Amino acid sequence: MKDAVTSLIRNYDVSGRYFDRAAMDALQSYFKSGNDRIAVATMVTGNAAAIVKTAGATLFETVPELLRPGGNAYTTRRYSACLRDMDYYLRYASYALVAGDTNVLDERVLQGLRETYNSLGVPIGPTVMGIQIMKDVVKAIAMEAGIADVGFIDAPFDHLARDLGEKNL
Ligand SMILES: CCC1=C(C)/C(=C/C2=NC(=C\c3[nH]c(/C=C4\NC(=O)[C@H](C)[C@H]4CC)c(C)c3CCC(=O)O)/C(CCC(=O)O)=C2C)NC1=O
């Protein structure tokens with residue numbers, strides 16, 4: 001598992017280079033955003049159930065077929081599995097936010113996921129939509145809490161969405 005610092009070290013070590021200006025800038029930007037990253041992770045931890053619930057409600061409002069007979073989230077078991085998956089995405093996104101790196105998502109979440117989803121008929125489009133909705137909810141909470149630049153929150157959610165979405169094409 002990698003984070004912003006170990007990724008950078010690895011990249012420079014591969015070619016036997018000392019850290020240069022670009023590396024120092026990257027490190028500085030990571031450490032400068034450190035307090036905000038931890039603050040957002042704390043907010044996610046404290047509001048995880050509510051975030052998943054809100055995002056799930058919005059998703060099912062937008063794509064009501066999911067909950068109808070024939071829909072993939074139809075039946076209590078599959079509905080719960082869907083919300084559980086959203087909770088996985090949120091929790092791992094909070095790890096990636098703190099790490100400043102999306103590697104944890106590749107290793108712990110995305111590996112083999114598309115195959116599993118395809119074999120169970122879990123639709124990718126609405127899953128990606130659910131991830132994007134959670135991103136918006138987390139950003140709104142962070143903005144409300146006074147975090148000036150919430151742009152760094154995009155990365156883990158976009159990584160999940162992109163990886164799931166693209167590979168399905
Ligand atoms: C931590 C890493 C990790 C992930 C990501 C994960 C996902 C995951 N989601 C699954 C199922 C599922 N996932 C969904 C999700 C949805 N259905 C929809 O219509 C919605 C679009 C969507 C919710 C947003 C559903 C309904 C199932 C059950 C499908 C079935 O059994 O028929 C399964 C199959 C096994 C099971 O049911 O538990 C896995 C492995 N498991 C993991 O360990």
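Use the structure listed above.
The structure presented is a predicted model; accordingly, all values stated were derived computationally and were not measured.

1. A few points about the overall build of the chain
So, step 1. Each helix and strand counted, the chain has eight helices and zero strands in total.
So, step 2. Of the regular secondary structure in the chain, the N- to C-terminal order runs α-α-α-α-α-α-α-α.
So, step 3. Once the C-alpha set of the chain is aligned to its principal axes, its extents read approximately 60 × 35 × 20 Å.
So, step 4. Sequence separation of at least 24 residues holds for 67% of the intrachain contacts in the chain that already meet a minimum separation of 6.
So, step 5. Of the roughly 9,600 Å² of accessible surface on the chain, 55% is carried by carbon and sulfur atoms.

2. Looking at the environment of glycine 70
So, step 1. Tracing the backbone shows glycine 70 in the loop between helix 3 (34–62) and helix 4 (76–99).
So, step 2. Along the backbone, glycine 70 and alanine 22 are 48 residues apart, and their C-alpha atoms lie at a distance of 52 Å.

3. A few points about a nonpolar patch on the surface
So, step 1. A surface patch of nonpolar side chains, amounting to about 260 Å² of accessible area, comprises Ile9, Phe19 and Met24.
So, step 2. The topology assignment puts methionine 24 in helix 2 (residues 21–32).
So, step 3. A relative accessible area of 41% means that methionine 24 is categorised as partly exposed.

4. Observations concerning the nonpolar core
So, step 1. Counting 43 residues, the largest nonpolar core has Val40, Tyr89, Leu90, Met134 and Leu164 as the members making the most contacts within it.
So, step 2. Broken down by secondary-structure element, the contributors of at least two residues to this core are helix 3, helix 4, helix 5 (103–110), helix 6 (113–120), helix 7 (124–144) and helix 8 (154–167).
So, step 3. In terms of residue count, the dominant contributor to this core is helix 3 (nine residues).
So, step 4. Ignoring sequence-local partners within four residues, the contact set of leucine 164 consists of Tyr89, Leu110, Leu113, Tyr117, Ile124, Thr127, Val128 and Ile131.

5. Quick look at the packing of helix 3 against helix 4
So, step 1. Running from amino to carboxyl end, helix 3 crosses helix 4 at an angle of 155°, the nearest separation of the two axes being 9 Å. If you check the angle between helix 3 and helix 4, you find them roughly antiparallel. The handedness of the crossing between helix 3 and helix 4 comes out as right-handed. Of helix 4, the residues touching helix 3 (which contributes Arg37, Val40, Ala41, Val44, Ala48, Ile51, Val52, Ala55, Gly56, Leu59 and Phe60) are Tyr79, Cys82, Leu83, Met86, Asp87, Leu90, Ser94, Leu97 and Val98.

Quick notes on the rules
- Residues numbered from 1 in each chain as written.
- Predicted model: local features only at pLDDT ≥ 70, side-chain atom pairs only at ≥ 80, totals over all residues.
- Heavy atoms only, no water.
- Helix = DSSP H or I, 4+ residues; strand = E, 2+ residues; numbered from the N terminus.
- Contact = heavy atoms within 4.5 Å.
- Areas by Shrake-Rupley, 256 points an atom, 1.4 Å probe, with all protein chains shown as cover.
- Patch = residues over 30% accessible without salt bridge, like charges linked within 9 Å, V, L, I, M, F, W, Y side chains within 5 Å.
- Salt bridge = Lys/Arg side-chain N within 4 Å of Asp/Glu carboxyl O.
- Buried < 20%, exposed > 50% of the residue type's maximum accessible area, 1.4 Å probe, protein only.
- Core = buried A, V, L, I, M, F, W, Y, C linked by side-chain atoms within 4.5 Å.
- Axes fitted to C-alpha atoms, helices over the stretch in contact; angles between N-to-C directions.
- Parallel < 35°, antiparallel > 145°, perpendicular 65-115°, else oblique.
- Left-handed = near helix turned anticlockwise from the far one by under 90°.

Purely spatial values, then, with no claim about function.
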